[in-house]
Each structure stands twice: as structure tokens, then as C-alpha cells.
Protein chains: 2
Amino acid sequence: MVLHLFSMMSKRCKYALKALIKLGANYEKGNLFTADIANSENIPKKFLEQILLDLKNAGYLGSKSGYGGGYYLRKSPKEITVADIYRLFDGAIALLPCVAVQFYEKCEDCTDEGTCTMRREFNKISEQTRLVMQKTTIQSFLKKPK
Amino acid sequence: MVLHLFSMMSKRCKYALKALIKLGANYEKGNLFTADIANSENIPKKFLEQILLDLKNAGYLGSKSGYGGGYYLRKSPKEITVADIYRLFDGAIALLPCVAVQFYEKCEDCTDEGTCTMRREFNKISEQTRLVMQKTTIQSFLKKPK
DNA sequence: TAGATACTCTACTAATTAGGTAGAATTACT
DNA sequence: AGTAATTCTACCTAATTAGTAGAGTATCTA
């Protein structure tokens, strides 16, 4: 380690969430242009285009082409969790492949999963992260602070 | 996302923890050879050498060169947390740079941290992960299941 | 129906990181 | 002296990230 910030959310995922929050604030009030989201959120427009397309293909967004077009949220902000979006862009919510729920893979160096204490403890750790990410929704970001 | 496992612990970090657990089981009972740890944990020996050296330089291990040498744990297994080792090899325990405790960095696209709801919510998420990683120690891995 | 606007799709690229390998130097015991 | 083990530096390859570029398609307005 020299001095960097590994293992964080990718920018794709972060930008996706920011766009969803913006679109969530406009839920059931019409479309937003990619360009407007890009400007207000400081996201490179061509990069955002790809991300919005991914979100559309995954069913979160609808779109209209041409003049007066744009994107809109198809699901309620309450139904979209951070866990869903994270899994879509960044993959497993887990620190070891063998404790992932949606993207399970055996560890290459593991000889017995049943007795592996790495697996036991990291399952606990990843479980906590999953719980919080599952209960945090786009709606959570829209709430005013108390 | 095609189908990969991002954002997990690096192998460096995983191997470091496995080595610490092995050395922890031998705490205050003498040295272990790099070669023996590499064999029993299925870790490439030359790669493990670097990792053990990092752990030594960080103060977790002591070593003896030459015939009958090897590595031993300098701290109690109870005092070494997963959070410490993760930070040493993989950096920040946080999903956004702006919510990191030990490796804080401003997000480039952020205009006002005070009102940023991404920061507010991801701080909650990362806080949970940190808490669990801080209370999980090398000793936790050594305990038998109940 | 021409033109403007905005999404759609595919391909490419540069920088960084992960996960190692290689080999020489040093230390210490027998 | 020889052997066993750590120490240290340099290097390598493949994959991934964070974009950019540009052509194509759909849709509205004048």
C-alpha cells in the first residue's frame, strides 16, 4: 500500500446512484435530459450516457428519444436499494468470493469451506454491510435531515 | 458488469490474515517458516515473503534470519483487528473517499459536503462495516465454533 | 420533410492495479 | 565453508477503470 483508495465503489456506481437520486426527485413529474443530470452532478456526459443506458436495460429507467426526450424513473424510489445498484455495477457485496450471496465463487486456496474460519468471520462482516445496503433506498437519499 | 467479483479484499490482504491466523495459533510458541505457512495455506511462497515483510515492517511480526529462523507474532491475537490489516493492505474501509476515517479525500464531483446526501447515507453504511471489522480480531478466527 | 435534438450502440484508449516472478544480498546457525 | 532462511529491489503480464469518439436511430417542431 502506497497511498491510494482501493476497494471503494466505482465511479460508474456512484454516478448511477447520483443520477437515480436526481431522477427520483423528479419521480412521476416527467423526463430529465442526460445533459442536465451531467451538468448538475458534475458527471462527464458521454460517460453518463452509458450508465443511464445500463440502468434502462436493467429496468430502472424509461426513456424517450428525440426532441423533448430524456430519462425517467420507472420504479418507485422506495423500491430501489443501494444493494441492487451496487450489485449491478460493482458486483458482489462481500469481502471474499465464498461469502457472496449473488455472486458466490469458491476461494482457490480453500481446502474445506465447512471449517474455514475466514469464511465464518467474513460472512458475519459482509452480512452486516449487506443489511445496511439493502435497507438504504433512493428514497433514503431524498429525505431531509431531521 | 459482465460477471466478475470486484471490490473484494485483495489477495494480499487475505493471505496476510491467513498468515496472521496461523502465526496466532502459534503465539508465544516460537517461529514458523514462510515455506510452512505458504504450504499449509496454499499461498505462493515468494508472494507471501513480501506480505510477511510488510507485516513485519508494520510491527505485527518479528523475524529471525538464517538456520532455524522464521516469523513470529509480536502482538497478541486479541489486539490485531481485521480493520487494521485491511487498512494496511487495501486502504480505506469506506465506499466513498469522503466518508473514510483514515484515508479521507474529497470527492471530485462534490460541490457541498455539508448537504451531500450521498455522503450522509454512505457514512452510515461504511460505519457499520468499520464497526464489525474493528471488533473482529485474529483471536476471533482462532475460536472454535460453539 | 428538413433539421434539430436526444437517446443508442460499438469500438477504442490510457493509466492504474493486482497478482505475481526473479534473483541477488544478507544473516545466522552447524 | 556451507546451508537455511529472511531481506530487498526490480520487473512483468493481464485485467480493470474511467473515460473518449463517432456513427446511427428515434422523435418532435417548423
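Since we're looking at a predicted model, the values are computed, not measured. All residue numbers refer to positions counted from 1 along the written sequence of the respective chain. Numbering of ligands from 1 and lettering of chains from A proceed in the order in which they are written. Reporting in this predicted model follows two pLDDT cut-offs: at least 70 for local features of residues, and 80 or more for side-chain atom pairs to be given and counted; totals over whole chains, interfaces and linings ignore these cut-offs and use all residues. Side-chain numbers here rest on the full set of heavy atoms in the structure, without hydrogens or water.

## So, the overall build of chain A
Alright, step 1. Here a strand is any run of E in DSSP of at least two residues, a helix any run of H or I of at least four, and the numbering for each starts at the N terminus. Within chain A one finds six helices and two strands.
Alright, step 2. C-alpha atoms of chain A, sized along the principal axes, occupy 60 × 35 × 30 Å.
Alright, step 3. Each residue's exposure class comes from its accessible area (1.4 Å probe, protein chains only) as a fraction of the maximum for that residue type: buried when under 20%, exposed when over 50%, partly exposed otherwise. Split into buried and exposed, the 146 residues of chain A put 49% on the buried side.
Alright, step 4. Restricting the contact set of chain A to residue pairs at least 6 apart, pairs at least 24 apart contribute 59%.
Alright, step 5. If you sum the accessible surface of chain A, you get close to 7500 Å²; carbon and sulfur atoms cover 50% of it.
Alright, step 6. Between the averaged position of the 23 positive side-chain charges in chain A and that of its 15 negative side-chain charges there is a distance of 9 Å. A contact between two residues is defined here by any heavy atoms of the two lying within 4.5 Å. All accessible-area figures derive from a Shrake-Rupley calculation using a 1.4 Å probe, and residue coverage is judged against the displayed protein chains alone. Counted as positive: Lys and Arg. Counted as negative: Asp and Glu. His and the chain ends are not counted at all. By convention, the point assigned to a charge is CZ for Arg, NZ for Lys, CD for Glu and CG for Asp.

## Here we look at the relation of the copies chain B and chain A
Alright, step 1. The transformation that overlays chain B on chain A combines an axial shift of 0.0 Å with a rotation of 180°, and the residual RMSD is 0.0 Å. Expressed as an axis order, the relation between the two copies is that of a two-fold axis. If distances are taken from each C-alpha of chain B to the rotation axis, the shortest is found for Ser7(B), at 2.3 Å.
Alright, step 2. Same-surface contact between copies: 98% of interface residues of chain B are shared with the interface of chain A. Least-squares superposition aligns the copies on the C-alpha atoms of those residues with pLDDT at or above 70 in both.

## Observations concerning the interface of chain B and chain A
Alright, step 1. With 51 residues of chain B in contact, the opposing surface of chain A contributes 50 residues.
Alright, step 2. Buried area is a sum: the accessible area each of two parts loses on coming together, probed at 1.4 Å, counted once for each and added. Surface buried jointly by chain B and chain A totals about 4400 Å² across both partners, of which 64% is contributed by carbon and sulfur atoms.
Alright, step 3. Any carboxyl oxygen of Asp or Glu within 4 Å of a side-chain nitrogen of Lys or Arg constitutes a salt bridge here. For the interface between chain B and chain A, the tally reads six salt bridges.
Alright, step 4. Here Lys14(B) and Asp109(A) are joined by a salt bridge, their closest N and O atoms 2.9 Å apart.
Alright, step 5. Residues adjacent in sequence count toward polar contacts only when both atoms are side-chain atoms; beyond that, a polar contact is any pair of N or O atoms within 3.5 Å, and within protein one must be able to donate a hydrogen and the other to accept it. Seen at the junction of chain B and chain A, the total is 17 residue pairs in polar contact (both at pLDDT 80 or more).
Alright, step 6. Elements that contribute at least two residues to the side of chain B that touches chain A include exactly helix H1 (11-25), helix H4 (82-90), helix H5 (117-135) and helix H6 (138-142) of chain B.

## With respect to the protein's contact with DNA strand C
Alright, step 1. Around DNA strand C, 28 residues are found, and the nearest of them are Lys56(A), Ser63(A), Tyr71(A), Lys46(B) and Gln50(B).
Alright, step 2. If a single non-hydrogen atom of a residue is within 4 Å of a molecule or strand, that residue counts as near it. Those atoms of DNA strand C that come within 4 Å of the protein belong to sugar or phosphate at a rate of 72%.
Alright, step 3. In this structure, Lys11(B) approaches DNA strand C through a main-chain N or O atom, which is 2.9 Å from a phosphate oxygen.
Alright, step 4. Here Gly66(B) contributes a backbone N or O atom positioned 3.4 Å from a base oxygen of DNA strand C.
Alright, step 5. Put simply, the parts of the chain that give the surface near DNA strand C at least two residues each are helix H3 (45-57), strand S1 (61-64) and strand S2 (70-73) of chain A together with H1 and helix H3 (45-57) of chain B.
Alright, step 6. With four residues, the single largest contributor to the surface near DNA strand C is H3(A).
Alright, step 7. Lys, Arg, Asp and Glu make up the charged group, whereas Ala, Val, Leu, Ile, Met, Phe, Trp, Tyr, Cys and Pro make up the nonpolar group; the residues left over, Gly among them, are polar. Looking at the surface near DNA strand C residue by residue, the classes come out as ten nonpolar, eleven polar and seven charged.

## Considerations on the protein's contact with DNA strand D
Alright, step 1. Lys46(A), Gln50(A), Lys56(B), Ser63(B) and Tyr71(B) are the nearest of the 27 residues found near DNA strand D.
Alright, step 2. In the model, a phosphate oxygen of DNA strand D is placed 3.3 Å from a nitrogen or oxygen of the Tyr15(A) side chain.
Alright, step 3. Within the side chain of Gln50(B), an N or O atom sits 3.3 Å from a base nitrogen of DNA strand D.
Alright, step 4. Those elements that place two or more of their residues in the surface near DNA strand D are helix H1 (11-25) and H3 of chain A together with H3, strand S1 (61-64) and strand S2 (70-73) of chain B.
Alright, step 5. Sort the elements by how many residues they give to the surface near DNA strand D and H3(B) lands first, with four residues.
Alright, step 6. Considering only residue class, the surface near DNA strand D consists of nine nonpolar, eleven polar and seven charged.

## Quick word on the side chain of Ser126(A)
Residues and elements named next belong to chain A.
Alright, step 1. Relative to the assigned elements, Ser126 resides in helix H5 (residues 117-135).
Alright, step 2. Judged by its relative accessible area of 2%, Ser126 falls in the buried class.
Alright, step 3. Leave out the neighbours within four places in its chain, and Ser126 touches Ile93, Ala94, Leu95 and Val99.

## Looking at the pattern of salt bridges
Alright, step 1. Per the stated rule, a full pass over the model turns up 20 salt bridges over all chains.
Alright, step 2. Ionic pairing is found between Glu108(B) and Lys11(A), a salt bridge with its closest N-O pair at 3.2 Å. With Glu108(B) in the loop between H4 and H5 and Lys11(A) in helix H1, the pair connects residues from two separate chains.
Alright, step 3. Glu113(A) is the salt-bridge partner of Arg119(A), the closest N and O atoms lying 3.6 Å from each other.
Alright, step 4. By relative accessible area, which is 22% here, Glu113(A) ends up partly exposed.
Alright, step 5. Taken together, the shared-partner salt bridges in this structure form one network comprising Lys14(A), Lys18(A), Glu41(A) and Asp109(B).

## Some words on the environment of Ile125(B)
Alright, step 1. You can see Ile125(B) is positioned in helix H5.
Alright, step 2. With 23 residues separating them along the chain, Ile125(B) and Gln102(B) place their C-alpha atoms 16 Å apart.
Alright, step 3. Ignoring any residue separated from it by four or fewer positions in sequence, one finds Ile125(B) in contact with Val82(A), Val132(A), Met133(A), Thr136(A) and Leu95(B).

None of the figures reported here should be taken as evidence of function without further support.
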